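Reading the structure
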Amino acid sequence: MKKILLFALLSITLCACEKDEAYEEKIVPDISKSAVSANQQQAVITKLHQVKMRRELMIPFSAYVMQINNRDYLYMIRLRFNQDLKVGDAIDFSVFSFCPNEIAKINGCDLGDGSSASQNGNSNGIGYLVATDPIEAQIKDIFSMKIRYSISFWPIDTWFIETTNGNLVFIKKSKVNVSLAPGDRIVYSKYTLYDELLTLKKL
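The structure presented is a predicted model; accordingly, all values stated were derived computationally and were not measured. (Residues numbered from 1 in each chain as written. Predicted model: local features only at pLDDT ≥ 70, side-chain atom pairs only at ≥ 80, totals over all residues. Heavy atoms only, no water.)

It is worth spelling out the overall build of the protein chain at this point. When helices and strands are tallied, the protein chain shows one helix and 11 strands. The secondary structure elements of the protein chain, listed N-terminal to C-terminal, are α-β-β-β-β-β-β-β-β-β-β-β. Scored against the burial criterion, the 203 residues of the protein chain give a buried share of 40%. The long-range share in the protein chain, meaning contacts at least 24 apart out of those at least 6 apart in sequence, stands at 57%. Total accessible area on the protein chain stands at roughly 12000 Å², and carbon and sulfur atoms take up 55% of it. (Helix = DSSP H or I, 4+ residues; strand = E, 2+ residues; numbered from the N terminus. Buried < 20%, exposed > 50% of the residue type's maximum accessible area, 1.4 Å probe, protein only. Contact = heavy atoms within 4.5 Å. Areas by Shrake-Rupley, 256 points an atom, 1.4 Å probe, with all protein chains shown as cover.)

Now the structure itself:
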């Protein structure tokens, strides 16, 4: 009788373990298969800027930052995209599922994960660490997006600031400790070869 009870307990334990493993497999997503959102979208570009960004290395690469006709903001790496865009262009696009502001595919062109941005250009990044002198400007517009500063799947909340002289610069929200709005006057410094701010002060 004891043997029968022991066998029954072992069977129940094994079944429970199998259910746990099956449940674990369902709740852990396979990011590699779902990196690009399946939802293809169509939009018209209503505002467009070119900026210099970076990923792991200090090598700058060109990117588009755009507003589309539903008033959302998006950005895209240009390395694999050999066409110029302009305001008024209609685009077909999809974004990364883990970074809803970064375009993954546009007009049939797969932009990749951004790893090629670290493989192009001069690998000697010393010159890219040079900062500009303080620049005084007035904010024309300000908006936020989630931006990947590395190839990892973790985007960071970032402010984009358009100045009245037509420049677009950006800074991680964690580095800003004041409220900002259109009309505010600011002083900032940035890296000379890309548009990420090093310092920002509200006047």
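Time to look at unusual backbone geometry. If you check the backbone angles, Arg 71 has positive phi at about 80° while not being a glycine. Within the element layout of this structure, Arg 71 appears in the loop between β2 (61–68) and β3 (73–77). According to the relative accessible area criterion, Arg 71 is exposed, its value standing at 62%. With phi around 50°, Asn 107 is a residue other than glycine that occupies positive phi space. Within the secondary structure, Asn 107 is located in the loop between β5 (99–106) and β6 (109–110).

Okay, the environment of Ser 62 next. Among the structural elements, Ser 62 can be located in strand β2. Sequence separation between Ser 62 and Met 76 is 14 residues, and the spatial gap between their C-alpha atoms is 8.9 Å. Not counting chain neighbours up to four residues away, the residues in contact with Ser 62 comprise Gln 50, Val 51, Lys 52, Met 76, Ile 77 and Arg 78.

A few words now on the pairing of strand β10 (residues 185–190). Both strand β7 (residues 135–147) and β10 contribute to a ladder of four bridges, which runs antiparallel. What sits directly across from Glu 136, in β10, is Val 187. Strand direction decides the pairing type here: β10 and strand β11 (residues 197–202), joined by five bridges, are antiparallel. Bridge pairing in β11 places Lys 190 opposite Leu 197. Hairpin connection between β10 and β11: a loop of six residues separates the two successive antiparallel strands. (Pairing = 2+ DSSP bridges.)

The subject of this paragraph is the nonpolar core. Side chains that are nonpolar tend, in soluble globular proteins, to be buried together. Met 53, Val 65, Tyr 75, Phe 143, Met 145, Ile 147 and Phe 160 are the most contacted members of the largest nonpolar core, which has 19 residues in total. Aside from chain neighbours lying at most four places away, what touches Met 53 is Ile 59, Pro 60, Phe 61, Ala 63, Val 65, Tyr 75, Ile 147, Phe 160, Phe 170 and Tyr 194. (Core = buried A, V, L, I, M, F, W, Y, C linked by side-chain atoms within 4.5 Å.)

Let us now look at the sheet that holds β10. Strand order across the open sheet formed by five strands is β9-β8-β7-β10-β11, with antiparallel pairing between neighbours. Both edges of this open sheet fall to β9 (168–172) and β11, since each of them pairs with a single strand only. Across the sheet, the mean angle separating the axes of adjacent strands is 35° when strand polarity is ignored. In this structure, β7 lies alongside strand β8 (residues 156–163), joined through eight bridges in antiparallel fashion. In the sheet register, Lys 146 faces β8, and the bridge partner there is Asp 157. (Axes fitted to C-alpha atoms, helices over the stretch in contact; angles between N-to-C directions.)

This part covers the packing of aromatic side chains. Applying the stated criterion across every chain yields a total of six aromatic pairs. Plain terms: the ring middles of Phe 143 and Phe 160 are 5.5 Å apart, the flat faces sit at 5° to each other, and that makes the pair stacked. Linking Phe 143 in strand β7 with Phe 160 in strand β8, this pair joins segments that are 17 residues apart in sequence. Judged on exposure class, the residue Phe 143 and its partner Phe 160 are both buried. What links up through ring pairs into an aromatic cluster is the set Tyr 73, Phe 143, Tyr 149, Phe 160 and Phe 170. Note that Arg 148 overlies the ring of Phe 96, its terminal NZ or CZ placed 5.1 Å from the centroid. Seen from the ring of Trp 159, Lys 173 lies directly overhead, with NZ or CZ sitting 4.3 Å from the centre. (Phe/Tyr/Trp six-rings, centres within 6.5 Å; stacked < 30°, edge-to-face > 60°. Lys NZ or Arg CZ within 6 Å of the ring centre and 35° of its normal.)

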